[in-house]
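An overview of the molecular structure
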Amino acid sequence: MRRPGGWWRTKSTPEKVETYTRWSFHFFGVIEVFALGVSAYGRTGVGLATVLCLLVVAHAAVCMLVSSRALDWTRGRRPQPVRLMWTLVVVSAVVSTTAVVIAERGPAGEVETAAGSVYGGVLCFAAGVITLGVSGRRRMVAVVGGFAVGAGLLTFPLEMPVLASVVLAGLVMVTGGFLAITSIFSLWLLNAVYALDDAKETRARLAVAEERLRFGRDLHDVMGRNLAVIALKSELAVQLSRRGRPEAVEQMIEVQRIAQESQREVRDVVRGYREAALEVELAGARGVLTAAGITAKVTGETAGLPAEVQSALGWVVREATTNVLRHGDAKKVAVTVRMSGGRVVLTVENDGVAETTGDGPSAETADTAGSARTSGSGGSGLAGLRERLSAVDGTLEAGPAGRGVFRLTAAVPLPDATAGAALEVAS
């Protein structure tokens, strides 16, 4: 059973902003119905009020559809809704003309006020909505200006004074322009949020690419010179062997020695690449999370911890940070390192419930299942972290810790001497 609000929690930040923007545009239609249609019941008879209200409801429904399709168009999901926008223009003209007819031929008094409100209101809302489906400032100004001019021209059958027609056209221009600016600003904000999200993903990919380049440079520095020497000495040994010279054996022995030395150096490079220093990982996590717009708080002391303990806990910090960036929507992350009962306890908490899916299995179950394929080779995920911690007799716990909070706790026991020294440093 899906928890209340679970559909909202599963959305990313850009998707939440898009949902809010889309329903804000729909809310404009609701405002139109109540402000123009429902209010007509208090100004005229039930029959005419019902006619006006139905006209406004139809117009508001078309406005909602146009705004939704225009939003999809700005995100590149649909073609430009040209036909729908022209349909809205026609519907607006029909509703306005009908309101003019009702105001001209209906009973005098309040009906003129009600019909006049419908007449001007639908043109204002239509002008604001249609600007969502056009690009460029000139076209947006032309749309609003066209509706304002149309509003002034349609008043001539009512034999309104010229000044009143100009005032009405100006009112449509100002109100429609305000709605247009509000709508365009909402779209600009939505596109900016999506751009920031894309930039965050690009930054993560660039960080991975930079790390690969660094590893490649290290391997090149280690292997390049040795391979060149091996190639030269092998060629020399071939030439000496063809001449029957005994020095060929010495050259091949030297080639063997250099190859074994290269193998050792490669293992050292890989070992250094795979080991994770806790203090370095904490600093890196703080920097990466801050760059992603997440408030990161890191507390605790790491001095005096054995290298194998730092490496195991460093991998926990690295994996937890990666999960927050990839799968969560956290605003705050707290990382704490403390000594408790001869153990080092690392706690990582975030308020984005990064590893939950709302109503599915727990993060521990899901991530363990997802990393089971790689656990055999010490892969990532909770299963891989448990394997690394088990090598130093450590434990790992992960799961929700309150409303919207996910907590990951890793504990590693310390040797007696190290524990005493670490406690002295902490005190």
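To start, this report covers the structure provided alongside it. The shown structure was predicted, so the numbers you read here are calculated from the model rather than taken from an experiment. (Residues numbered from 1 in each chain as written. Predicted model: local features only at pLDDT ≥ 70, side-chain atom pairs only at ≥ 80, totals over all residues. Heavy atoms only, no water.)

This part takes up the pattern of salt bridges. Tallied over the full model, the rule gives ten salt bridges. For Asp-72, the salt bridge goes to Arg-78, with nearest N and O atoms at 3.1 Å. Judged by relative accessible area, which is 10%, Asp-72 ranks as buried. Between Glu-247 and Arg-245 there is a salt bridge; the shortest N-O distance is 3.4 Å. You can call Glu-247 partly exposed: its relative accessible area is 30%. (Salt bridge = Lys/Arg side-chain N within 4 Å of Asp/Glu carboxyl O. Buried < 20%, exposed > 50% of the residue type's maximum accessible area, 1.4 Å probe, protein only.)

What follows concerns empty space enclosed by the protein. Tallied over the full model, the rule gives three cavities of 30 Å³ or more. Along its surface, the largest cavity is lined by Phe-25, Phe-28, Gly-29, Glu-32, Cys-63, Met-64, Ser-67, Phe-125 and Val-129. Within the residue set of the lining of the largest cavity, elements represented by two or more residues are α2 (13-37), α3 (46-74) and α5 (110-130). Here the lining of the largest cavity takes four residues from α2, the largest share from any one element. Each residue belonging to the lining of the largest cavity can be placed in one class, and the counts come to six nonpolar, two polar and one charged. (1 Å grid on protein atoms, 1.4 Å probe; cavity = no way out; pocket = protein on both sides within 12 Å on 5 of 7 lines; lining within 4 Å. Points joined across faces, edges and corners; volume = space filled by probe spheres on them. Helix = DSSP H or I, 4+ residues; strand = E, 2+ residues; numbered from the N terminus. Nonpolar A, V, L, I, M, F, W, Y, C, P; charged D, E, K, R; others polar.)

Between α3 and helix α4 (residues 82-105), the shortest axis-to-axis distance is 10 Å and the interhelical angle comes to 165 degrees. Judged on the interaxial angle alone, α4 and α3 are roughly antiparallel. Two packed elements cross with a definite hand, and for α3 against α4 that hand is left-handed. Counted together, Leu-48, Val-51, Leu-52, Leu-55, His-59, Val-62, Cys-63, Leu-65, Val-66 and Arg-69 of α3 and Leu-84, Met-85, Leu-88, Val-91, Ser-92, Val-95, Thr-98 and Ile-102 of α4 form the full contact between these two elements. (Axes fitted to C-alpha atoms, helices over the stretch in contact; angles between N-to-C directions. Parallel < 35°, antiparallel > 145°, perpendicular 65-115°, else oblique. Left-handed = near helix turned anticlockwise from the far one by under 90°. Contact = heavy atoms within 4.5 Å.)

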